[in-house]
Number of protein chains: 2
Amino acid sequence: MSIRLVRKLSQFTPLSNGDAQALNRLSEARLRLYQPRDTIMHEGEPPKVINLYLDGWAYRHKDLANGKRQITSIFVPGDLCDVNVFVLDRMDHSVSALTSVAVAEISRSAFEQLISEHPRIAQALWWETLVTAAIQREWTTNLGQRDAAERISHLFCELFVRLQSVGLTSGNSCPLPLSQAEIGETTGLTIVSVNRVLQDFRRTKLIALKRKTLTILDFEALKQRAMFNPNYLHLGRTDHAFSTEGEESTGLPSQDEETDD
Amino acid sequence: MSIRLVRKLSQFTPLSNGDAQALNRLSEARLRLYQPRDTIMHEGEPPKVINLYLDGWAYRHKDLANGKRQITSIFVPGDLCDVNVFVLDRMDHSVSALTSVAVAEISRSAFEQLISEHPRIAQALWWETLVTAAIQREWTTNLGQRDAAERISHLFCELFVRLQSVGLTSGNSCPLPLSQAEIGETTGLTIVSVNRVLQDFRRTKLIALKRKTLTILDFEALKQRAMFNPNYLHLGRTDHAFSTEGEESTGLPSQDEETDD
DNA sequence: CGTCCCCTTGAATGAAGTCAATACGCGTGG
DNA sequence: CCACGCGTATTGACTTCATTCAAGGGGACG
């Protein structure tokens, strides 16, 4: 069930069979399913459990007093998110489901036990946290310095590469379960502007986007348009992190990522 | 020397005298000073040391191919930053000095030893990392959903509250060592727009800003203008974090924060 | 006293937003 | 099978906020 979880983490640091088993046991704990538009965590509430996202797309968002809202992160299948949520007292944002989402709810104590007994998992979680922060910085840059077309093409490049790294692309296509309104809430644009940019991208044969499937017809041109540099995703290497003394491996194939340029 | 560092961390979780001493010893290791405009870490380079920021203002920034750049974070005195930099292979952004900055350079091994011997310090660092991430999300929202005046007033509210929490405000004034150009690079606006907003704020008696000193004349109105809600800064409580068994305290006064509304 | 950096202000331009009407796609129920 | 309804996408006309271009001013410093 949580193969994807183990696989994701083992991208960052080699996990032992013991680590993998511990993860599996944990994720079988309490499984919860959400439907599109369901809110998984609410801003302002104290976090009650740790959610390990096993499958599906979700997003963080912040809602403003004036009714506008910003999508601040998008979780694609394989992302974990919020493992450290207990360090803070209350949620400062909400998390909602974009597709149907499977979540393993872990109690605080079970989680603490896990990371104290499995330092490599803790390490991998650090890694994931830092990559998430790097993505957040890039989004800040995207919103602050790029125009409408650049923002949207950047978002597409990023999502494609992230999906590619977890094996969810096929050829130059990938799922994209976002409405134009949601693309707008992610990029700080109105629906109308998003629509015009998309029309333009289609006209110029940069992309095709139909029935929630994105096809990138000219990746080079799209990257150029976005000034996209994937370095901030920190993919493409398996052995980062703190020193690790040898131990038996999980036997999982290490992801092959063809994402660097 | 690193009183401020100890004080900052003890906001998050109580530190023992041993913890505090270890921090002191560490920060006396290699001290380095930077002048305004110096670049402390360069995007693209592998990190060589861990920088503990002892004093001064600095900022992260990302530079784009087209010459534009975005300031993605501002470090005020008391912030630590980049303690976890080794987990990633290369810097995905640069860090530069805004004022003169004092930095303690810690070797990777000394740092690893520190956190393994002093779990509470590790915990406090987690906390700091997560608050930094929360700020980054708020900045994403700021850039995506707020107009020029809202963005700038939000930035001012945030900086004031952060400075207040480390005792660097006096009355309703605080230092603000940013040029209008730099305010623009953090809020995604041009100098000209920043200037016009500031003029307007002065005319309407919201703020005064002169000689790098910001005075907030009407905090309530400024917060309103910004739709500022300080919850994301997660101030105002000392005991978050994972369970902690009792140990002798540092004797440092716990910061009193009057920042909640 | 001149230079550099930063701030200020006006006028023209432009990118994205707003408003509003229409079209499409898909599931439901008659 | 078709009509209806709802959410989503599309398009045009107009407006507005912020940018761009350009010129000038002030203060610090050598």
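Structural notes, computed from the coordinates. (Residues numbered from 1 in each chain as written. Chains lettered and ligands numbered in written order. Predicted model: local features only at pLDDT ≥ 70, side-chain atom pairs only at ≥ 80, totals over all residues. Heavy atoms only, no water.)

1. Focus: the protein's contact with DNA strand C
Residues in contact with DNA strand C amount to 19 residues; listed here are only the nearest, Ser193(A), Arg37(B), Gln180(B), Asn195(B) and Arg196(B). Backbone atoms, meaning sugar plus phosphate, form 70% of the atoms of DNA strand C positioned within 4 Å of the protein. Take Ala148(A): an N or O atom from its main chain is 2.8 Å from a phosphate oxygen of DNA strand C. In this structure, a phosphate oxygen belonging to DNA strand C sits 3.4 Å away from a side-chain N or O atom of Arg211(A). For the surface near DNA strand C, the secondary-structure elements that each account for two or more residues are helix H7 (191-203) of chain A together with helix H7 (191-203) of chain B. (Near = heavy atom within 4 Å. Polar contact = N/O pair within 3.5 Å; in protein donor to acceptor, adjacent residues only side chain to side chain. Helix = DSSP H or I, 4+ residues; strand = E, 2+ residues; numbered from the N terminus.)

2. Section: the environment of Asp55(B)
Residues and elements named next belong to chain B. As for its position among the elements, aspartate 55 is in strand E3 (residues 50-55). We classify aspartate 55 as partly exposed; its relative accessible area is 37%. Sequence separation between aspartate 55 and arginine 4 is 51 residues, and the spatial gap between their C-alpha atoms is 8.1 Å. Beyond its immediate chain neighbours, meaning those up to four positions away, aspartate 55 contacts Arg4, Pro77, Ser100, Val101 and Ala102. (Buried < 20%, exposed > 50% of the residue type's maximum accessible area, 1.4 Å probe, protein only. Contact = heavy atoms within 4.5 Å.)

3. Brief notes about the sheet that holds strand E6 (residues 94-97) of chain A
All names here are of chain A. Read across the sheet, 4 strands follow the order E2-E6-E4-E5 without closing on themselves; strand pairing throughout is antiparallel. At either end of the open sheet lies a strand with only one pairing partner, and these are strand E2 (39-41) and strand E5 (69-75). Averaged over all pairs of adjacent strands, the angle between strand axes in this sheet comes to 35°, irrespective of strand direction. Note: strand E4 (residues 58-63) against E5, 6 bridges, orientation antiparallel. In the sheet register, tyrosine 59 faces E5, and the bridge partner there is isoleucine 74. Against the sheet, helix H4 (residues 119-145) makes contact with E4 and E5, and its axis sits at roughly 140° relative to E5, the strand it touches most. (Pairing = 2+ DSSP bridges. Axes fitted to C-alpha atoms, helices over the stretch in contact; angles between N-to-C directions.)

4. A short note on the relation of the copies chain A and chain B
Of the transformation placing chain A onto chain B, the axial shift is 0.0 Å and the rotation is 180°, giving an RMSD of 0.0 Å. Interpreted geometrically, this transformation is the action of a two-fold axis. Residue Thr140(A) of chain A places its C-alpha closer to the rotation axis than any other residue of that unit, at 2.5 Å. (Least-squares fit on C-alpha atoms with pLDDT ≥ 70 in both.)

5. Some points on the protein's contact with DNA strand D
Not every one of the 18 residues close to DNA strand D is listed here, only the nearest: Arg37(A), Gln180(A), Asn195(A), Ala148(B) and Ser193(B). The contact atoms of DNA strand D, taken as those within 4 Å of the protein, divide so that sugar and phosphate hold 69%. Side-chain polar atom of Arg196(A) to a base nitrogen of DNA strand D: 2.8 Å apart, as the coordinates give it. A distance of 3.5 Å separates a base oxygen of DNA strand D from a polar side-chain atom of Arg196(B). At the level of elements, H7 of chain A together with H7 of chain B are the ones that each hand at least two residues to the surface near DNA strand D. When the residues that make up the surface near DNA strand D are grouped by side-chain class, the tally is 4 nonpolar, 7 polar and 7 charged. (Nonpolar A, V, L, I, M, F, W, Y, C, P; charged D, E, K, R; others polar.)

6. With respect to the pattern of salt bridges
Residues and elements named next belong to chain A. As enumerated under the stated definition, the model contains 25 salt bridges over all chains in all. Here glutamate 185 and arginine 69 are joined by a salt bridge, their closest N and O atoms 3.0 Å apart. Of this pair, glutamate 185 sits in helix H6 (residues 180-187) while arginine 69 sits in strand E5, placing them 116 residues apart in sequence. Two residues, arginine 146 and glutamate 138, come together in a salt bridge whose shortest N-O distance is 2.7 Å. Owing to a relative accessible area of 3%, arginine 146 belongs among the buried residues under this scheme. What emerges from the salt-bridge pattern is a single network uniting Arg30, Arg32 and Glu105. (Salt bridge = Lys/Arg side-chain N within 4 Å of Asp/Glu carboxyl O.)

7. A word on the interface of chain A and chain B
In this assembly, 48 residues from chain A lie in contact with 48 residues from chain B. Overall, the association of chain A and chain B removes approximately 4600 Å² of surface from exposure, summing both partners, and the carbon and sulfur fraction of that is 61%. Inspection of the region where chain A meets chain B yields 4 salt bridges. The salt bridge partner of Arg137(A) is Asp92(B), with a shortest N-O separation of 3.2 Å. Taken together, the connections running from chain A to chain B amount to 19 residue pairs in polar contact (both at pLDDT 80 or more). Going through the elements one at a time, E4, E5, helix H3 (108-117) and H4 of chain A are the ones with two or more residues in the side of chain A that touches chain B. A per-element tally of the side of chain A that touches chain B places H4(A) first, with 14 residues. Taken together, the residues that form the side of chain A that touches chain B break down as 17 nonpolar, 16 polar and 15 charged. (Buried area = accessible area lost by both parts, 1.4 Å probe.)

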